[in-house]
Amino acid sequence: EDQVTQSPEALRLQEGESSSLNCSYTVSGLRGLFWYRQDPGKGPEFLFTLYSAGEEKEKERLKATLTKKESFLHITAPKPEDSATYLCAVQARGAAGNKLTFGGGTRVLVKP
Amino acid sequence: EPEVTQTPSHQVTQMGQEVILRCVPISNHLYFYWYRQILGQKVEFLVSFYNNEISEKSEIFDDQFSVERPDGSNFTLKIRSTKLEDSAMYFCASSAGQNNQPQHFGDGTRLSIL
């Protein structure tokens with residue numbers, strides 16, 4: 001069974017204080033690993049897809065990396081508007097219906 | 001930017017009643033999904049739908065649940081006889097294709113069963 005574990009559960013940062021979020025996964029052959037941002041009362045908003053170990057993707061202050069067992073989301077010099085819950089999800093190779101298995105998320109609060 | 005829209009934003013229903021949640025996926029997308037998130041828990045996959053058929057469903061998606069694409073734009077989730085434990089946020093998503101194409105989510109319908 002595919003499993004995704006995210007840590008820490010919550011993270012409080014000062015504006016400008018860089019940090020990393022972890023997503024550990026076990027999956028029967030990885031087709032893709034997805035990062036989403038979720039604001040309160042909203043649906044997950046797509047950020048990145050990573051396909052293979054060693055791959056990196058960047059968007060503004062966010063950078064996602066992937067190894068064979070985990071992914072990291074690095075937040076560089078965060079601003080208050082980066083406050084959100086960040087979700088990681090995996091899709092297994094051979095998933096007939098493109099099912100995503102989500103982790104529990106990391107709640108990030110960036111204080112000015 | 002195209003987006004997935006869901007209605008209603010909040011639905012309150014008596015236990016045992018039928019409820020239909022509605023979604024309008026992104027217009028050129030071919031794959032459609034329902035997920036749910038019970039308060040404080042992970043987002044869970046319910047069902048995926050392609051070419052007017054269910055592609056995959058989870059154990060949660062039992063005989064009480066059904067999905068339909070009644071026309072060219074809507075995608076619905078029906079729960080026939082709601083239970084208290086069906087209370088959750090239900091998210092619709094769509095993707096342009098399969099094979100690690102990103103799924104784009106709506107803002108959800110909060111379903112409260114009394």
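This text follows the structure it describes.
Owing to the predicted nature of the structure, the values given are computational and were not obtained by experimental measurement. Residue numbering note: each chain is counted from 1, following its sequence as written. To label them, take the chains in the order written and letter them from A, then take the ligands in the order written and number them from 1. Whole-chain, interface and lining totals are the exception, using all residues; otherwise, since this is a predicted model, local features are given only for residues with pLDDT of at least 70 and side-chain atom pairs are given and counted only at 80 or more. Think of the side-chain values as coming from all heavy atoms in the structure, minus any hydrogens and water.

With that settled, the discussion passes to the sheet that holds strand β1 (residues 5–7) of chain B. Residue and element names in this part refer to chain B. A pair of strands is considered paired only if DSSP assigns at least 2 bridges between the two. Segments assigned H or I by DSSP are reported as helices when at least four residues long, segments assigned E as strands when at least two residues long, and all are numbered from the N terminus. Sheet architecture is open: 4 strands sit in the order β1-β3-β8-β7, paired in antiparallel fashion. Unpaired on one side and paired on the other, β1 and β7 (65–68) mark the two borders of the sheet. Across the sheet, the mean angle from the axis of one strand to that of its neighbour is 20 degrees, orientation sign disregarded. Where β7 meets strand β8 (residues 75–79), 4 bridges bridge the pair, whose relative direction is antiparallel. Counted as the bridge partner of Ser-66 is Lys-78 from β8. With axes taken as lines fitted to C-alpha atoms, and helix axes fitted only over the stretch in contact, angles between N-to-C directions fall between 0 and 180 degrees.

The subject of this paragraph is the nonpolar core. Among buried residues, the Ala, Val, Leu, Ile, Met, Phe, Trp, Tyr and Cys ones that are joined through side-chain atoms within 4.5 Å form a nonpolar core. Each residue is assigned to one of three classes by its accessible area relative to the maximum for its type, calculated with a 1.4 Å probe on protein chains only: buried under 20%, partly exposed between the two thresholds, exposed over 50%. Leu-21, Leu-33, Trp-35, Leu-73, Tyr-86 and Val-108 of chain A are the most contacted members of the largest nonpolar core, which has 23 residues in total. Of all the secondary structure elements, the ones that give two or more residues to this core are β2 (10–14), β3 (19–26), β4 (30–38), β5 (45–50), β7 (62–66), β8 (70–75), β9 (84–92) and β11 (106–111) of chain A. With 4 residues, the top contributor of residues to this core is β9 of chain A. By definition in these notes, contact holds between two residues if any of their heavy atoms fall within 4.5 Å. Those residues in contact with Val-108 of chain A that lie beyond four places of it in its chain are Leu-11, Leu-13, Leu-21, Ile-75, Asp-82, Ser-83, Ala-84 and Tyr-86 of chain A. Ranked by size, the runner-up nonpolar core spans 22 residues in total, among them Cys-23, Trp-34, Leu-46 and Val-67 of chain B.

The next point concerns the side chain of Ser-48 of chain B. With respect to the helices and strands, the residue Ser-48 of chain B is situated in strand β5 (residues 43–50). Each residue touching Ser-48 of chain B, except ones within four places of it in the same chain, is listed here: Gly-97 of chain A together with Phe-32, Tyr-33, Glu-53, Ile-54, Ser-55 and Glu-56 of chain B.

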